[in-house]
Amino acid sequence: MMYIDEIMEYLPHRYPFLLVDRVTEVEKGQFIKGYKNISLNEPFFTGHFPNKPIMPGVLIIEAMAQLSGILGFMTVGRKPTDGVVQYLAGSSKARFKRPVVPGDRLSMESRMISGKRGIYKFECRALVDDEVVCVAEILTAEREV
């Protein structure tokens, strides 16, 4: 279990762009699970959509990429304090099954498919109440900063 203080050691993101609240399970080089609590106070709800707020799909992808980045860092034993970041390098096969709305808990799972020379590929899915809301393949790239 990783709480927010430890998550912030692995992700350089900060409010309002830190999209992982908790890591519930992790096995280095294999998989990671975590979640983001979705609140009406999220800044993106102001404009997406004001009378029927839903979480933008690109932010669901970003949340899964952030969770995957933690797994990438943990797998190689590095952190941003080592002068590296995990960039979102690509996404494919993204499918959205239903909207994510205020009050939902966006549970996320990421499984490492491959990794070499700082490029990692993950199979990801996001769920609300055990119902799949999004699936995607995510690529991250570790780069020095």
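Residue positions are given per chain, counting from 1 as you read along its sequence in written order. Local features in a predicted model are, by the rule used here, given only for residues with pLDDT of at least 70; side-chain atom pairs are given and counted only at 80 or more, and totals for whole chains, interfaces and linings are based on all residues. Think of the side-chain values as coming from all heavy atoms in the structure, minus any hydrogens and water.

- The protein chain is annotated in an unreviewed UniProt entry as 3-hydroxyacyl-[acyl-carrier-protein] dehydratase FabZ of Marinobacter iranensis.
- UniProt positions are given in the numbering used here, feature names are shortened, and annotations may be inferred rather than shown by experiment. The Catalytic activity (unreviewed entry) comment attached to the protein chain in UniProt states, word for word, "a (3R)-hydroxyacyl-[ACP] = a (2E)-enoyl-[ACP] + H2O".

1. With respect to the overall build of the protein chain
Piece 1. Looking only at helices and strands, the protein chain features 2 helices and 6 strands.
Piece 2. For the protein chain, the spread of C-alpha atoms along the three principal axes comes to 45 × 30 × 25 Å.
Piece 3. Per-residue accessibility, obtained with a 1.4 Å probe over protein chains only, is compared with the maximum for each type, and a residue is labelled buried under 20%, exposed over 50%, and partly exposed between these values. Relative to its full complement of 145 residues, the protein chain shows a buried share of 41%.
Piece 4. Within the protein chain, contacts between residues at least 6 apart in sequence are counted, and of these 61% link residues at least 24 apart.
Piece 5. Only the protein chains shown count as cover for residues, and the accessible areas themselves come from Shrake-Rupley with a 1.4 Å probe. As displayed, the protein chain offers around 7,800 Å² of accessible surface, 50% of which is attributable to carbon and sulfur atoms.
Piece 6. When charges are counted, Lys and Arg are positive and Asp and Glu negative, with His and the chain ends excluded. Taken as the charge location is NZ of Lys, CZ of Arg, CG of Asp or CD of Glu. The distance from the centre of the 19 positive side-chain charges to the centre of the 18 negative ones in the protein chain is 5 Å. Working definition: helices are DSSP H or I runs of at least four residues, strands are E runs of at least two. Numbering for both runs from the N terminus. Every residue pair with non-hydrogen atoms within 4.5 Å of one another is taken to be in contact.

2. Some points on the layout of surface pockets
Take a probe with the size of a water molecule and roll it over the atoms, and the empty space left behind shows itself.
Piece 1. Think of a 1 Å grid over the protein atoms and nothing else: a 1.4 Å probe that fits but is trapped marks a cavity, an open set flanked by protein within 12 Å on at least five of seven lines marks a pocket, and residues with an atom within 4 Å of a point count as lining. Grid points are joined across faces, edges and corners, and a volume is the space filled by probe spheres set on the points. Here the largest pocket is characterised by a volume of approximately 200 Å³.
Piece 2. In this structure, the largest pocket is lined by 13 residues; those nearest its centre are Glu109, Arg111, Glu123, Cys124 and Arg125.
Piece 3. At the level of secondary structure, the elements contributing two or more residues to the lining of the largest pocket comprise β2 (31-37), β4 (105-116), β5 (119-128) and β6 (131-144).

3. Details of the sheet that holds β4
Piece 1. We treat two strands as partners when DSSP finds at least two bridges between them. Ordered by their spatial adjacency, 6 strands build an open sheet running β1-β2-β4-β5-β6-β3, and the pairing between neighbours is antiparallel. Two strands bound the open sheet, and with one partner strand each, they are β1 (22-27) and β3 (84-96). Averaged over neighbouring strand pairs, the angle between their axes works out to 20° when direction is ignored.
Piece 2. Relative to β5, β4 runs antiparallel, the two being bridged by 9 bridges. By the bridge assignment for β5, Ser114 is matched with Lys121. In this description, a line fitted to the C-alpha atoms serves as the axis of each element, helices being fitted only across the stretch in contact, and the angle between N-to-C directions of two axes falls anywhere from 0 to 180 degrees.

4. Things to note about the environment of Phe122
Piece 1. Considering the arrangement of structural elements, one finds Phe122 in strand β5.
Piece 2. For the pair Phe122 and Ala136, spaced 14 residues apart in sequence, the C-alpha to C-alpha distance is 8.4 Å.
Piece 3. With residues near it in sequence (within four places) discarded, Phe122 still touches Ser68, Leu71, Gly72, Ser110, Arg111, Met112, Ile113, Ala136, Glu137, Ile138 and Thr140.

5. Thoughts on the environment of Asp104
Piece 1. With respect to the element layout, Asp104 can be found in the loop between β3 and β4.
Piece 2. Taking the relative accessible area as the measure of exposure, Asp104 reaches 11% and is therefore buried.
Piece 3. Each C-alpha atom of the pair Asp104 and Tyr35 lies 10 Å from the other, and the pair is 69 residues apart in sequence.
Piece 4. Ignoring any residue separated from it by four or fewer positions in sequence, one finds Asp104 in contact with Lys36, Asn37, Ile38, Arg98, Pro99 and Val128.
Piece 5. Engagement of the side chain of Asp104 in a polar contact is seen with the backbone nitrogen of Val101, the distance being 2.9 Å. Contacts described as polar in this section are N or O atom pairs within 3.5 Å, which, within protein, must combine one atom able to donate a hydrogen with one able to accept it, while residues neighboring in sequence count only if both atoms come from side chains.

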